[in-house]
Every structure is written in C-alpha cells, then in structure tokens.
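Chain by chain, the residues run as shown.
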Amino acid sequence: MLTVCPYFHVHQPYRIKRYRVFDIGHDNEYFNDSSETDLNNRRIVEKVANKSYRPMNAVLLGLLEEHPEFRFALSFSGTVLDQFEAYAPDVLASFQEIVATGRVEILADTYHHSLAFFYSVPEFERQVAQHAKRIYELFGQTPRVFRNTELSYRNDLAKWCEDNGYLGIMAEGWDPILGWRSPNHVYHPPGCDKIKVLLKNYKLSDDVAFRFSNKAWESHPLSAETYSQWIHAHHGDGNTINLFMDYETFGEHQWEDTGIFNFIKALPELLMRHPDTTFKTPTETVESYDSVGEIDVPDVLTWADTDRDLTAWTGNDIQKDAIASIYAMEKDVIETEDMDLIEVWRKLQTSDHFYYMCTKWSEDGDVHAYFSPYESPYDAYVAFMNALSDLQLRVRHAVEKKQQHKGEKLKKPEKSVSFVQRLKQWFRWLVKKVLFLIHFRK
Amino acid sequence: MKVLTFGWDFPPHTTGGLGVACQGLTRELANEGVEVIFVLPKSQSVEGTSRFIFADIEHMVRTREITSSIAPYLGSQSVLDVYDEYGVRKLYQNTLLEEVHAFAHKASQIAKEETFDLIHAHDWTSYLAGVAAKLASGKPLILHVHATAFDQAASDNIDPGVFKIEKEAFDTADRIIAVSDFTKQIVVNKYNIDPSKVHVVHNGIDTKEPKHYEPTLQELRAQGKKLILYHGRITIQKGVDYFVQAAQKVVAHNPDVVFVISGKGDMVGQIMQQVGRLGLSQNVLFAGALWYEERDQMYQSVDLVVMPSVSEPFGLVPLEAIQHGTPSLISKQSGVAEVVTHVLKVDFWDVDEMANKILAALRYPVMHGQLVKEGKREVSKLPWSRAARKVVDIYKYLVEWIT
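So, a few notes on the structure that sits alongside this text. (Residues numbered from 1 in each chain as written. Chains lettered and ligands numbered in written order. Predicted model: local features only at pLDDT ≥ 70, side-chain atom pairs only at ≥ 80, totals over all residues. Heavy atoms only, no water.)

## Overview of the overall build of chain A
Okay, so step 1: A tally of helices and strands in chain A yields 18 helices and nine strands.
Okay, so step 2: Against the globule reference of 22 Å for 442 residues, chain A gives a C-alpha radius of gyration of 23 Å, in line with a compact fold.
Okay, so step 3: In terms of overall dimensions, chain A has C-alpha extents of about 85 × 45 × 40 Å along its principal axes.
Okay, so step 4: The 442 residues of chain A split such that 58% are buried.
Okay, so step 5: Considering only intrachain contacts with a sequence separation of at least 6, the fraction spanning at least 24 residues in chain A is 77%.
Okay, so step 6: Put simply, chain A shows about 19000 Å² of open surface, and 52% of that area lies on carbon and sulfur atoms. (Helix = DSSP H or I, 4+ residues; strand = E, 2+ residues; numbered from the N terminus. Rg over C-alpha atoms; globule rule 2.2 N^0.38 Å. Buried < 20%, exposed > 50% of the residue type's maximum accessible area, 1.4 Å probe, protein only. Contact = heavy atoms within 4.5 Å. Areas by Shrake-Rupley, 256 points an atom, 1.4 Å probe, with all protein chains shown as cover.)

Shown next, in the form of structure tokens:
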C-alpha cells in the first residue's frame, strides 16, 4: 500500500508600495499601490486568479467529482483569504466548494504567513488562533495538522504543536537530516509521543513545482505517465509520498502552455491504476501509519533554495535589521489595543517582505528575482523601513494617548464620582477587555 | 600578438574615466602577453608616459606621440581649451574636428612604419586614426566605445560632426567593443549596427586598499551635517541639475544635509544659478574639480556619492567611491548599473525617488553598512584582468579568422 499525500499552499502577501521617507507621518496606507507594477496587490490577485486560481480550482473540482478516492490538503494564509474576499470573491467561493466535498483538509498556519515562532511565541500563538478562527468561519474546519511559514520547522515548534493538540506537522525531507533514511515514512520529533512529522519528498515535489517547464532538464517534457511510474516505483520502500508545493505552481509558476493542467488532470487516474495506491489527507496519513523513528531538527529547516534554512529571509544585515525592528515593536503595538494598528503590524510580519530583501543573487538569484516585485533588495528594504517608521509614529501616538487617558481616569474619582458611575466605568472597561481577548483566543 | 592602439590621454594627465580605463586595460593586456603600442596625440604631455604604473612590464609597452591636440569631451566645433603642464590655458584656433583628422593622417603614417596584427582605437577622437591605420595596413580594426554622441548630448540633439565620424567608423570596424549593454544598445539602435559585431566588455577597476586620509569638511561634520557628493564633469550628460532638484527635496525634509559638487564643465554657471534660485546656497558647496588626494579624501569623508547621469556608458565613480568605503546612489541609465547590485539605483529623472533614497541612506545605518561591506566585496570581483581576457578572446578570433 502506498499513500499519495498532496498539499498545495495558497498565499499572497500585502506588498508594500513605494513608500517614501517624506510619506512618514503623512500617509497611513502602505499596501494600496495602484500602479501597473507588481506592487499593486489587487492587480496581482486578479492576474493570478485568472492564470492559476480559477482554472486550477476548476480542474481540482472536476477531479474530485470524477474520482471519489482523490484527496488532498490546502493551506491558506489569512492574507490571501482577505485579498480573495476583497478582490476575487468568486475564487474564495470556489475554494469553499472544493472543501465542501469533505475530501480536502485545511492545514493550520499563521494568519500572516510570518516567522513569528522564531521571534515571539506569544505573537505566534495569537496568529495561529486568528488563522484557526478564520478557517472555521470560512470552511467549517478546525485544522489538526500544522505547517509553518515556508515549511519552517524545528524541534521546539513540533513540541509546541503536540502540546496544543495537533496530530501532525510538516517539514522538508532534507537529506542531511534524514541521512540514509527515506522521507516516505512517518516520523516523530524528539521528546514527543503523540505528534507525527510528514516529510516532503522534495525530489518528486520539485519535479513538478520547479523543473516541469525546464527544457534543459533531462526528463523534459514530463508526462503524467512517467511521473506516476516514478511514484509507483516507491511501492515497497515507503508508506507515503508527500507532495508539497505552492498552489501557484499550477498556472502561475508553470504556465498553462507548459501543459501543467493536462498533467494534473491525468495524474490521479494513472496513479490509481496501480491497485495498491491511494490518496490520503495529512490527518488520514498520520493516523494510518506509525512512526518509524525519530527525526531530530535542532536548527531551523525550511523548503527554500539550496540551504534549506532561513537565510533567504534573515541572511543579510538589512533583513536582520528589518525583522528585528518589527518584533521590537510588539509590546507597544499590543498595548495600544488598537485593532487596526495591530493588523498593519502583522501584515508587515509577512515573510515575503524579508525575502524581497535577499541579496544572495549569485547562488539562487533567479528564484528570488522572479518572486520580487521590487527592482532591488534595497528598494524593498527602504519601502519596508519607511512604512515601519510611520507605524512606529502611530503606535507612539496611540500609546501616549492611552496613557493620557489613563491619567485622566485616575484623576476623576477625586471629583467625587458616585460609586455607581465608577462601577459602570469599570464594567465598560471589562467588556472591552474581554472582547479584545475573545478576538484573539477563540 | 602585437596591437597598435590609439587613445588620447593616459594617467596621470587625464580628465575623466577614459584615460583610467585605457591604462587598466593596457596593463592587463600586457599581462596576458599582448604587446601594446599605445599611440597618443602630442598635446598629451610626455611627462605622463614616465609615470606609467606598469613599470615592471614597461618593455612591452611603447608610447608614440604625434603632433595633435585633442580634448575628447568636447563637440566637433569646440575651440580647444586645454591647460599646459604649468596650468596655463592654451587656446588653439583649430576645431577639434580638424585635430581628429590630423591625428588620422599621422596614424596612417605610423601604420605604415610599424608591424602589428590588430588595431584598437579608444573613443571617438581616435576612431578616424583607427580607420586610417586599417586602410594603410589592411589589419583588422576594433573600436572601443567609451561613449557616443548621444551620451554627450543626453538627447537626440547630437553633434552631427561627431555622429558622422562614429557612424562611418562603426561601419568600417571589424569588431566594436562597448563598455556596457547600455552602450551596445545605443550603437545597435542609433547607428544601425549589426548586434553580432558589438561585444560588451565592462570596464574593470584596480582594487587595492586605498590610502586613508584625515576627513575633510570637519567643521560641517562637527555640526552634525550629513554630506552627499557629486563628482564628475558638470555637463548636461551628467544630470547635475537633477541632483540639485533632489537636493532641494532632501533639504526641505532634513536641513542638516550638505551637497558637495566636485567638477567643472560648461554647465557650472547654470548649476550655480539653479542653486541660488532654489535657495540652496547654505546646503550646496562647489568644491571645484577635485583630483587625486583631494578627491580620495572627499570620497572618504562623505556619507553617500550620487551619480545622477542622464546617459552614462559605464561610470567609474561608484566603483571608486566604494573602494573608499562610501556607497553610491546611481542612475539606472548607466552601464555600471549592469555589474553592481550593492548600490542604490534610481531613474535620473525621478528626483522624488532620488531624494527618498538619499534620505533613506542617511536614515538607516544598517543599510549603509551593508552597502559598504557587500559593495566592497562585489567590486573586488571586477578586476581589469577580467575585461582584458575578454578583449584577448576578441583579438584571437580576429587574428585567426579575419587576417
């Protein structure tokens, strides 16, 4: 028996417009570029919807209808869901339709596609809760398997997931971690006895995600027949082939004219021609197989470029500066209890902003260049830091205003306010506080 | 392999990047085993030749002087305006165009006297000399394009005399070397030249740890002023007027920024008037043309160097600046932008963005630090030997297939 466990990751960030030093203190909108460039978020969502989300959802829905055995998982960032709602509500509706088949699992994630776990666990927890709430509202599911931004993974993250009731977590099946072992089994993290780790088979995943249209690749053009043979070849040496990739692989990274849609349309039937092949969702996969051993990842592992670490986001000085600056604001931002400010702060945590500042062009520069809407990593940094500077100003004002307000409140009782009035005030304050907490912790 | 090379100036008597480029390339060609005969017009002081820094390989380089006086950054009708070795201005009646033709006449004679395999002519002032040498000898001709009439004019309003020479020479040449893809596109599109004939060889730079100087403009620094430098000729090509416009926007936001303009040229008066008109006299300093120690000291003392060129075939300034530990903001309309990534880039006409990036470079010290650190590493990967090897490949091909 061989399981095929696919998951597609759907994400769009809120890209920061060319926000200039002069704009600090004058312009509170950072994400509203309306130019004909790739900084225009609406334009990007509309473009990718046409090239990828709409046609691929039609393909997936067709496959689900045609093959009752077909199953897979999706993961969404909250930022892409918000943008679907605003710019392409029909896309969101078609995803809901797909999930409504009952054979599509949604994974847990951070709302803002952030690296918060590595900088602030409390903030990470708030974003995971916010994400779970949104997923439940839109799709009626409570995620049970976790995948972190950029597939970033570490032992302590796995432990956190186990402690918080998740059944499984995803990670890159990277050879230096695995040694002689195969990614096609289920493993467990050290010190954990409940949660299981699903490892991405990066060779088979990247054959589709990266190499599919590469004419210099020896296997180009890749047919669904050949690909299903490669998967079938693993009968006997593993339990599950975990195919993890960006949803946008279909139609956006690999354009329609490469034949990617026909490839995916043909694949499920070809895979199931082998009698012992089956599709499973991640939850079904971790529930079906026992762990074959421990997988020890003390340092951050990701699915990015040849280093499989965080250097694409935090490798150089400007990236480190930007990410340190955003998390240094945490205490003040949260203290404002201003939902708008907190939301903007979180949008600035999206990992893409730091990715755009990556300067290791020479090694895997093409990949970064392809995904960056900025002409230079320094342009990305300047826009980010300028917007951040404005947010810092707003937060400072909000905190000052609050402290002023508090001061006034403290003075009031001296003016012989009646006990009933004070009770009323206290009650109002309590309701506000509770509502705020509910918003995050639900 | 023996190459008859025509140029017009050579360090230390040089007024721009061209002489520096000729020197770096010639030295490395010699290292690659190429014998270079470098022909210079007479007015370029002989004194310069005795100060060639490739003294250790001097036996392979001979310098020939001929009677001519050429100033390369002028239009064809310009009356020559050069300084003698004592700094006294010499005025000639003849136009530059006449000098170019005189140079070509001498070149023809030299080509008959000398034995060589190839001809290599640098910049438009030497093109006719190169063509004449080719006609006299039948040897293959390579033209090295350091700039075109379109760069000098910063528009299509070009000098017809220069254009005519360039066009005829490009048509006659066996190969054309452009110092950037930016320049290659001009040669191909504006002169209608077959792109397969035009090779891009980016200029290099000699990297060595420079001498360190006491910072200049100490008083301003003590007052907490930030310093921004423009260094280059003050002509329409260089975009100094955009620099001043950006300065106005920067000063409106942060009055503690001082802009230093180093250089001379036919637009000095206009730029001074612009500065006065915009009320920037307190924030813009005219330093005159700084060279050698003074220039290096200035590079080391400022926070950022700006190269706002309207049309810059290559652009040595950001590479020089980074060696002195100062990052640059350069216009995208430059060849050097093709080979460096650790600089700030801007369209020369986008003065808002120019001002934004000047302010950002001052505001975010981490970015400033990374631009210096990574920029230095990057520039060390651009030695002249890399350029010379590409030129040698072109030489070899021509010797093998054309002769």
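Structure shown, so let's carry the discussion forward.
## Brief notes about the overall build of chain B
Okay, so step 1: Scanning chain B from terminus to terminus reveals 14 helices and 15 strands.
Okay, so step 2: Counting only residues that meet the buried cut, chain B has 60% of its 403 residues in that class.
Okay, so step 3: Summed over its atoms, the accessible surface of chain B is roughly 16100 Å², and 50% of this surface lies on carbon and sulfur atoms.

## Considering the environment of D163 of chain A
Okay, so step 1: Along the polypeptide, D163 of chain A turns up in helix 5 (residues 155-163).
Okay, so step 2: Taking the C-alpha atoms as reference, D163 of chain A lies 35 Å from F371 of chain A; in sequence the two are 208 residues apart.

## Details of the sheet that holds strand 4 (residues 145-146) of chain A
Residues and elements named next belong to chain A.
Okay, so step 1: Spatial ordering of the open sheet is given by 4-5-7-6, a layout of four strands whose pairing is mixed. The sheet is open, and its two borders are formed by strand 4 and strand 6 (186-187), each paired with just one other strand.
Okay, so step 2: The pairing of strand 4 with strand 5 (residues 168-172) spans two bridges and is classified as parallel. Along strand 5, the bridge assignment pairs F146 with I169. (Pairing = 2+ DSSP bridges.)

## Digging into the pattern of salt bridges
Okay, so step 1: The tally for this structure, following the rule as stated, stands at 53 salt bridges over all chains.
Okay, so step 2: For the salt bridge of R273 of chain A with E269 of chain A, the shortest nitrogen-to-oxygen distance reads 3.8 Å.
Okay, so step 3: With relative accessibility at 60%, the residue R273 of chain A sits in the exposed group.
Okay, so step 4: The salt bridge partner of D379 of chain A is K357 of chain B, with a shortest N-O separation of 2.7 Å. (Salt bridge = Lys/Arg side-chain N within 4 Å of Asp/Glu carboxyl O.)

## Here's the deal with the nonpolar core
Okay, so step 1: Residues I16, F146 and F384 of chain A together with F259, I358 and M367 of chain B are the most contacted members of the largest nonpolar core, which totals 106 residues.
Okay, so step 2: At 13 residues, helix 17 (residues 377-411) of chain A tops the list of elements feeding residues into this core.
Okay, so step 3: Every residue in contact with F259 of chain B, bar those within four places of it in the chain, is listed here: I228, F243, A247, V250, V251, N283, V284, L285 and I358 of chain B.
Okay, so step 4: Residues I44, V91, F95 and L271 of chain A belong to the second largest nonpolar core, which totals 56 residues. (Core = buried A, V, L, I, M, F, W, Y, C linked by side-chain atoms within 4.5 Å.)

## A look at the environment of R221 of chain B
All names here are of chain B.
Okay, so step 1: Structurally, the position occupied by R221 is in helix 7 (residues 218-222).
Okay, so step 2: Residue class for R221 comes out partly exposed when judged on its relative accessible area of 29%.
Okay, so step 3: Counting along the chain gives 37 residues from R221 to V258, while the straight-line C-alpha distance between them is 9.7 Å.
Okay, so step 4: Setting aside residues up to four positions removed in sequence, R221 forms contacts with T216, L227, S301, V302 and D303.
Okay, so step 5: Of note is the side chain of R221, whose polar atom sits 2.4 Å from the backbone oxygen of S301. (Polar contact = N/O pair within 3.5 Å; in protein donor to acceptor, adjacent residues only side chain to side chain.)

## A look at the environment of S372 of chain A
Okay, so step 1: With respect to the element layout, S372 of chain A can be found in the loop between helix 16 (361-371) and helix 17.
Okay, so step 2: Among the polar contacts made by the side chain of S372 of chain A, one reaches the main-chain amide nitrogen of Y374 of chain A at a distance of 3.1 Å.

## Things to note about the sheet that holds strand 14 (residues 328-331) of chain B
Residues and elements named next belong to chain B.
Okay, so step 1: Spatially, the six strands line up as an open sheet ordered 12-11-10-13-14-15, and their pairing is parallel. Of all the strands in the sheet, the pair left with one neighbour each is strand 12 (284-288) and strand 15 (344-346). With direction set aside, neighbouring strand axes in the sheet form an average angle of 25 degrees.
Okay, so step 2: By the bridge criterion, two bridges tie strand 10 (residues 226-231) to strand 13 (residues 304-307) in an arrangement that is parallel. Bridge pairing in strand 13 links L229 to V305.
Okay, so step 3: The sheet contacts of helix 10 (residues 292-301) involve strand 10, strand 11 (257-262) and strand 13, and relative to strand 10 the element is tilted by about 140 degrees. (Axes fitted to C-alpha atoms, helices over the stretch in contact; angles between N-to-C directions.)

## Notes on the interface of chain A and chain B
Okay, so step 1: With 19 residues of chain A at the contact, the number on the chain B side is 22 residues.
Okay, so step 2: Sorting the residues of chain A by area buried against chain B places V21, F22 and Y378 of chain A first, and these three jointly supply 35% of that buried surface.
Okay, so step 3: The interface formed by chain A and chain B includes six salt bridges.
Okay, so step 4: Measuring nitrogen to oxygen at the nearest pair gives 2.9 Å for the salt bridge that ties D317 of chain A to K373 of chain B.
Okay, so step 5: Elements with a contribution of two residues or more to the side of chain A that touches chain B: helix 12 (317-328) and helix 17 of chain A.
Okay, so step 6: Top element by residues in the side of chain A that touches chain B is helix 17 of chain A. It accounts for seven residues. (Buried area = accessible area lost by both parts, 1.4 Å probe.)

## Re the pairing of strand 2 (residues 35-41) of chain B
All names here are of chain B.
Okay, so step 1: Counting buried residues along strand 2, six of its seven residues qualify, which places the element largely inside the surrounding structure.
Okay, so step 2: Pairing geometry for strand 1 (residues 2-6) and strand 2, over five bridges, is parallel. Looking at the pairing, L4 lines up with I37 of strand 2.

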